Protein chains: 2
Amino acid sequence: MAQRTHACGEVTAAHQGEQVVLKGWVQKRRDLGGLIFVDMRDRTGIIQVVFGDQAKDALEVAEKIRSEYVIEVTGKVVLRDASQINNNIKTGEIEVLAETLTIINEAKTPPFAIEDKVEVSEDLRLKYRYLDLRRPVMFDTFKMRSDVTVTIRNFLQQEGFLEVETPILTKSTPEGARDYLVPSRVHEGEFYALPQSPQLFKQLLMVSGFEKYFQIARCFRDEDLRADRQPEFTQVDIETSFMSMDEIIEMNERLIQAVMKEVKGIEVQAPFQRMSYEEAMARYGSDKPDVRFGLELIQLSDIVKDSSFKVFSGAIENGGEVKAINVKGAAYNYSRKDIDALGEFAAIYKAKGLAWLKVTEEGLNGPIAKFFEGEMADKLIERTGAEAGDLLLFGADQSTIVADALGALRLKLGKELGLIDESKFAFLWIVDWPLFEYDEEEGRYYAAHHPFTRPFDEDIELMDTNPAAVRAQAYDIVLNGYELGGGSLRIYEPELQNKMFKLLGFTEEEAHEQFGFLLEAFEYGVPPHGGLAFGLDRFVMLLAGRTNLRDTIAFPKTATASCLLTSAPSTVADAQLEELNLAVTAVKKD
Amino acid sequence: MAQRTHACGEVTAAHQGEQVVLKGWVQKRRDLGGLIFVDMRDRTGIIQVVFGDQAKDALEVAEKIRSEYVIEVTGKVVLRDASQINNNIKTGEIEVLAETLTIINEAKTPPFAIEDKVEVSEDLRLKYRYLDLRRPVMFDTFKMRSDVTVTIRNFLQQEGFLEVETPILTKSTPEGARDYLVPSRVHEGEFYALPQSPQLFKQLLMVSGFEKYFQIARCFRDEDLRADRQPEFTQVDIETSFMSMDEIIEMNERLIQAVMKEVKGIEVQAPFQRMSYEEAMARYGSDKPDVRFGLELIQLSDIVKDSSFKVFSGAIENGGEVKAINVKGAAYNYSRKDIDALGEFAAIYKAKGLAWLKVTEEGLNGPIAKFFEGEMADKLIERTGAEAGDLLLFGADQSTIVADALGALRLKLGKELGLIDESKFAFLWIVDWPLFEYDEEEGRYYAAHHPFTRPFDEDIELMDTNPAAVRAQAYDIVLNGYELGGGSLRIYEPELQNKMFKLLGFTEEEAHEQFGFLLEAFEYGVPPHGGLAFGLDRFVMLLAGRTNLRDTIAFPKTATASCLLTSAPSTVADAQLEELNLAVTAVKKD
């Protein structure tokens, strides 16, 4: 075989008259009888090759080739007739007059066409992933993913960070209900666990004085899967010593700016907006608000608390609240049926109904309008900024339900009404998180982030008196309504860490059993430290303008954690289990 | 806390008179009564801080600090008296007159000193790995490791390679006797396997037309461990399409040159030496020869085949051979006892004894000298280039045993006699490998590399007639006697791949069951492809001049695959096993 001289997509009019050797796949063949046009593809693009009388042997071979055959072509670059120029492809001004053609490999007809737009089930694409990945849009996504990681690595190396690999075979932790386990052959009855994150190791590296660590790390979580979750995912994991929260945030802003510049050619302004958790929940009903559009939640409890509409006043009496979103100009577009559908949507988020009012020139209108008259109506209109043609949608319930339901409605309507500038990348920090979450059912506190998160110094004394009010030195980075990542400063004082474990209900023995090595490490001089982790898969998804996380992972798993390509997981030989001293206690019912 | 202004190791005479804020660890404290000197350490180095009358409060605090306390110091940089200058450290010309001292964290006395040279067991170092990693030599190794990966990634990206992540949770393969298994919770009785390498996925990416793939990939092998093996290890994994073996080799030479230049400042000459497998075995008794020194194996079978010394003539009669190494000038240094010890060493490699001759002015000398007189002695002396004072050591056995024993003796003596230039990096390609290995016991052929390795085109027809003679288009890269990596061109024709499986004893069904998805992929137009994988851990070990692979892995496992720091593997809760439908059939006897 001859050595390739050019990539298909890179031949232009500048190469006119040159002799080329191309290698790639047959995208399409058109046989005009004595003249055959072949669109030839490699990862750089498509080029048109013409087989004709100029090389009868090649023409003869060209009659045999079919889509997806692998071929080698030698020939000469010529300009196309003006009428034949195709401005849709980079090589559209030229074509190659073939001199020789070699079939390197044949191909069966693929189960779907190798084109950006395919109308087949995702399952079929996953089963034939190697063909799915031939589609240019897929290659471009993985090219972008690779570029993103190169940019991140170069940025962090220049900042003095070391990439350090931490173990994949490690120890199961108490939060480990969702650990993947790996039986040990050497140590009977014992197991490794795959890490849910390198959290403990990155903190240990700070104890080691590495000061600036990062890793693009594979993480594992055996949880019930949703559309945007995968059993294994990739995290950009960063930890530093001696840096304040502001310094960490500022550095990560520069990191994101570098990625946006390098990969998207976009200059993102810094500092990014910062918003407290409380404000985000109040205004957007979400801890990861999409701030590319308004449609904010409006607090109305004070206005309607004495309303004769019992749904409202009752919700407030029960400790809940009443809020609304003002859907500008939607009064005439949304029929009663449409609004009922919105109510059903809100019900997914546990809203018991969706009260609404239309605003007309004559005032409020709708089944519950009668409850809001006079001053109360004026105040409602004033607070919501309502004008004729607006539609007010209400939530009246416990505040978490109001936030969830109106927050979800806001997103749905934002999309439906085209309020979102899809070309925008709106980065946002959410700060001032609560350190604890209270579990009503179990009557105990949980760590809102993880048990190593550092409280605000001035809130430490509240840990004894009012844990719910303790704020964490934690920060989430949000992009266009997605949680991109998050992090925190960590506790570095052994006493404070012990206090934290106690508050979370660990006995001293349990804390020692689970985190003994970390607590012990903390006795040997641990520096103040903190860090951040980004979800790489999701970041790439948003940068590439995709909506499916699986499109950013080369060989993803389905919602039941299966690989349709390799048929993993699968049964294994009895001998393998025997050697691991394991028995399967239930067998799959087929 | 104040913001750090300088790293400890970076303050020099150029900073004289400047105000600095330093953060780090106490390396050493010397209390001279009213004057305290503290060596303060961070990852960049050590700086001397002086506490005295200039700041009484700080002096008072300084009395409390101990080794490994984390402290913050503010002060002024001053030049040391000429008599106090320490040229052993970068900051030896200056010291810092302390103004304030804050104890950030206390520390217990560590179980060993934080110094490059520690005289403690490796087990203790591994248990307190976070302290072990504080030793500057360890930090430097991981800094180098990080620099190596950055260099590799930048080089490959510039060459048009994409880094693509392949799954860690994948399918168990037939060669999978040493797979780590991961039980599935969702699919009862089924298992994932951790990959021994991304081999199948990287070939699938070539089917996808990615053309240039790489990954710095974690791999897993549950095999009986040796000093230089780890259950998880890291591999620089490269695969390309449409490139010849020479092109792949040439590109990898440039990659290695880039690493050597960037990380060691050494210009390595290319092309690297290439040697056939046969020649390496013949001359060095090894398929990964250290070519930094001579002491080569010398073939003597033709000379001694009619010797009356039955050990020699008998070995040849039985299909074996006789070879020797000529240890120059060692006749007088090696006593009979020393030589007996060498014989015991050779016995490890199954040599049944170690025949030897000393060369004196008078001729051959030693217990077997009497068997070699006259012409045979002359020929022996001529062939081995022996001179008075030389020691000849013989191997007489099946050729693999001769190679193993003399090859090992050669290495041992090369080190003992100081024949090796330790500053040298001798890269070498081993080529022309056999495609198959014959297993005498099982009476069948095995793939010498793996079943996807491509034979030489001109040897394909030998597959039917004389498989042992078929050469593989495979190449190993060797550095200073270590196998750094290896690779091959792959089979890309479905028929040839099927033929290969048949020769390896797979039934069609078995081949389909194990590699079905790859064989199916091969029906859709697969390009010629090939690649290479380096062992990153070992490469870093050699670059850093270390001899223990564990020193290049941040959190390594012991020879029994345990982590002494986290106590992994460990038992898990019954509930976790129940959810996995698993039972442990044997319990560890404590």
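Residues numbered from 1 in each chain as written. Chains lettered and ligands numbered in written order. Predicted model: local features only at pLDDT ≥ 70, side-chain atom pairs only at ≥ 80, totals over all residues. Heavy atoms only, no water.

Under an unreviewed UniProt entry, the name given to chain A is Aspartate--tRNA ligase, and the organism recorded is Lysinibacillus odysseyi 34hs-1 = NBRC 100172. UniProt, in the comment section headed Subunit (unreviewed entry), describes chain A in these words: "Homodimer." (UniProt positions renumbered as here; feature names shortened; annotations may be inferred.)

A. Focus on the sheet that holds strand 22 (residues 529-535) of chain B. Residue and element names in this part refer to chain B. The eight strands lie next to each other as 6-9-10-22-21-20-17-11, forming an open sheet whose pairing is mixed. Two strands in the sheet have a free side with no partner beyond their single neighbour: strand 6 (162-163) and strand 11 (273-276). With seven bridges connecting them, strand 17 (residues 427-434) and strand 20 (residues 471-479) associate as antiparallel partners. Across the sheet, Trp433 pairs through a bridge with Ala472, a residue of strand 20. (Pairing = 2+ DSSP bridges. Helix = DSSP H or I, 4+ residues; strand = E, 2+ residues; numbered from the N terminus.)

B. Structural context of the interface of chain A and chain B. Taken together, the contact between chain A and chain B spans 125 residues of the former and 124 residues of the latter. A buried area of about 11200 Å², summed over both sides, lies between chain A and chain B, and 57% of it is on carbon and sulfur atoms. Among the residues of chain A in contact with chain B, Arg43, Glu165 and Tyr524 of chain A are the three that bury the most area, contributing 7% of the side total. Taken together, the connections running from chain A to chain B amount to 14 salt bridges. For Glu211 of chain A, the salt bridge identified is with Arg4 of chain B, shortest N-O distance 2.7 Å. Linking chain A with chain B are 64 residue pairs in polar contact (both at pLDDT 80 or more). (Contact = heavy atoms within 4.5 Å. Buried area = accessible area lost by both parts, 1.4 Å probe. Salt bridge = Lys/Arg side-chain N within 4 Å of Asp/Glu carboxyl O. Polar contact = N/O pair within 3.5 Å; in protein donor to acceptor, adjacent residues only side chain to side chain.)

C. Layout of the nonpolar core. Counting 142 residues, the largest nonpolar core has Tyr130, Leu194 and Leu204 of chain A together with Tyr130, Leu194 and Leu204 of chain B as the members making the most contacts within it. When neighbours within four sequence positions are excluded, Tyr130 of chain B is seen to be in contact with Leu204, Val207, Ser208, Phe517, Glu520, Ala521 and Tyr524 of chain A together with Leu565 of chain B. (Core = buried A, V, L, I, M, F, W, Y, C linked by side-chain atoms within 4.5 Å. Buried < 20%, exposed > 50% of the residue type's maximum accessible area, 1.4 Å probe, protein only.)

D. Geometry of the packing of aromatic side chains. Counted according to the given criterion, the structure contains 50 aromatic pairs over all chains. With 5.5 Å between their ring centres and 45° between their planes, Phe312 of chain B and Phe372 of chain B make a pair best called tilted. Residue Phe312 of chain B is located in helix 9 (residues 310-317), and its partner Phe372 of chain B is located in the loop between strand 15 (363-365) and helix 11 (374-384); the two are separated by 60 residues in the primary sequence. For the pair Phe312 of chain B and Phe372 of chain B, one class covers both residues: buried. Linked through ring pairs, Phe309, Phe312, Phe371, Phe372 and Phe394 of chain A together constitute an aromatic cluster. The side chain of Lys412 of chain A reaches across the aromatic face of Phe345 of chain A, ending 4.8 Å from its centre. (Phe/Tyr/Trp six-rings, centres within 6.5 Å; stacked < 30°, edge-to-face > 60°. Lys NZ or Arg CZ within 6 Å of the ring centre and 35° of its normal.)

E. Just the relation of the copies chain A and chain B, in detail. Taken as rigid bodies, chain A and chain B are interconverted by a rotation of 180° and an axial shift of 0.0 Å, the fit giving an RMSD of 0.1 Å. Both copies of the chain, as the preceding transformation shows, are related through a two-fold rotation axis. (Least-squares fit on C-alpha atoms with pLDDT ≥ 70 in both.)

F. Quick look at the packing of helix 5 (residues 199-207) of chain A against helix 15 (residues 508-521) of chain A. Residues and elements named next belong to chain A. For the pair helix 5 and helix 15, the least separation of the axes is 10 Å and the interaxial angle reads 20°. With respect to their mutual orientation, helix 5 and helix 15 come out roughly parallel. When you trace helix 5 past helix 15, the crossing you get is left-handed. Taking contact as the criterion, the partners of Leu200, Gln203, Leu204 and Val207 in helix 5 are, on helix 15, Phe515, Phe517, Leu518 and Ala521. For the contact of helix 5 with helix 15, the per-class residue count stands at seven nonpolar, one polar and no charged. (Axes fitted to C-alpha atoms, helices over the stretch in contact; angles between N-to-C directions. Parallel < 35°, antiparallel > 145°, perpendicular 65-115°, else oblique. Left-handed = near helix turned anticlockwise from the far one by under 90°. Nonpolar A, V, L, I, M, F, W, Y, C, P; charged D, E, K, R; others polar.)

G. Summary view of empty space enclosed by the protein. Following the criterion strictly, the structure yields seven cavities of 30 Å³ or more and no others. Of the voids in this model, the largest cavity is the one considered here, and its volume is about 460 Å³. What lines the largest cavity is a set of 31 residues, among which Ile216, Ala217 and Arg218 of chain A together with Ile216 and Arg218 of chain B lie closest to the centre. Taken together, the elements giving at least two residues each to the lining of the largest cavity come down to helix 4 (136-158) and strand 9 (212-220) of chain A together with helix 4 (136-158) and strand 9 (212-220) of chain B. Grouping the constituent residues of the lining of the largest cavity by class yields 12 nonpolar, nine polar and 10 charged. Of the pockets and cavities examined, the second largest cavity occupies roughly 170 Å³. The wall of the second largest cavity is formed by 20 residues, among which Arg145, Arg218, Ile553 and Ala554 of chain A together with Glu165 of chain B lie closest to the centre. (1 Å grid on protein atoms, 1.4 Å probe; cavity = no way out; pocket = protein on both sides within 12 Å on 5 of 7 lines; lining within 4 Å. Points joined across faces, edges and corners; volume = space filled by probe spheres on them.)

H. Highlighting the domain arrangement of chain A. According to the domain assignment, chain A consists of domain 1 (13-105), domain 2 (122-272 + 482-489 + 528-579), domain 3 (293-420) and domain 4 (434-471 + 493-526). Summarising the inter-unit geometry, the C-alpha centres of domain 1 of chain A and domain 4 of chain A are found 67 Å apart. (Domains from an automatic or database assignment.)

I. Spatial organisation of the pairing of strand 5 (residues 94-105) of chain A. Residue and element names in this part refer to chain A. Sheet topology places strand 3 (residues 45-51) next to strand 5; two bridges connect them, and they run parallel. Looking across to strand 5, one finds that Val50 is bridged to Leu97. Where strand 4 (residues 70-79) and strand 5 come together, 10 bridges link them in antiparallel fashion. The partner of Val73 across the bridge, within strand 5, is Leu101.

J. Main features of the UniProt feature "binding site: L-aspartate" (unreviewed entry) in chain A. Residues and elements named next belong to chain A. When the UniProt feature table is mapped onto this chain, "binding site: L-aspartate" (unreviewed entry) is found at Glu175, Arg221, His449 and Arg490. Structurally, Arg221 is set in the loop between strand 9 and strand 10 (232-241). Take Arg221: its relative accessible area is 24%, and that puts it in the partly exposed class. Setting aside anything within four residues of it in sequence, one finds Arg221 in contact with Arg178, Tyr180, Gln196, Pro231 and Phe233. Apart from residues lying up to four places away in sequence, Arg490 is in contact with Gln199, Lys202, Gln203, Glu239, His450, Phe452, Arg454, His529, Gly530, Gly531 and Leu532. Here the side chain of Arg490 touches Glu239 through a polar contact of 2.7 Å, side chain to side chain.

K. Quick look at the pattern of salt bridges. Under the counting rule described, the total for this entry stands at 96 salt bridges over all chains. Residue Arg153 of chain A pairs with Glu163 of chain B through a salt bridge whose shortest N-O separation is 3.3 Å. With one member in each of two chains, Arg153 of chain A in helix 4 and Glu163 of chain B in strand 6 form a pair that bridges those chains. Accessibility assignment for this pair places Arg153 of chain A and Glu163 of chain B in one class, buried. Of the charged contacts in the structure, one is a salt bridge between Arg218 of chain B and Glu232 of chain B, with a shortest N-O distance of 2.8 Å. In this pair, Arg218 of chain B sits in strand 9 while Glu232 of chain B sits in strand 10 (residues 232-241), placing the two residues 14 residues apart along the sequence. Of the residues examined, Glu232 of chain B reaches a relative accessible area of 8% and is grouped as buried. Residues joined by salt bridges that share partners form a network here, namely Arg125, Arg129, Asp132, Arg135, Arg546 and Asp551 of chain A.

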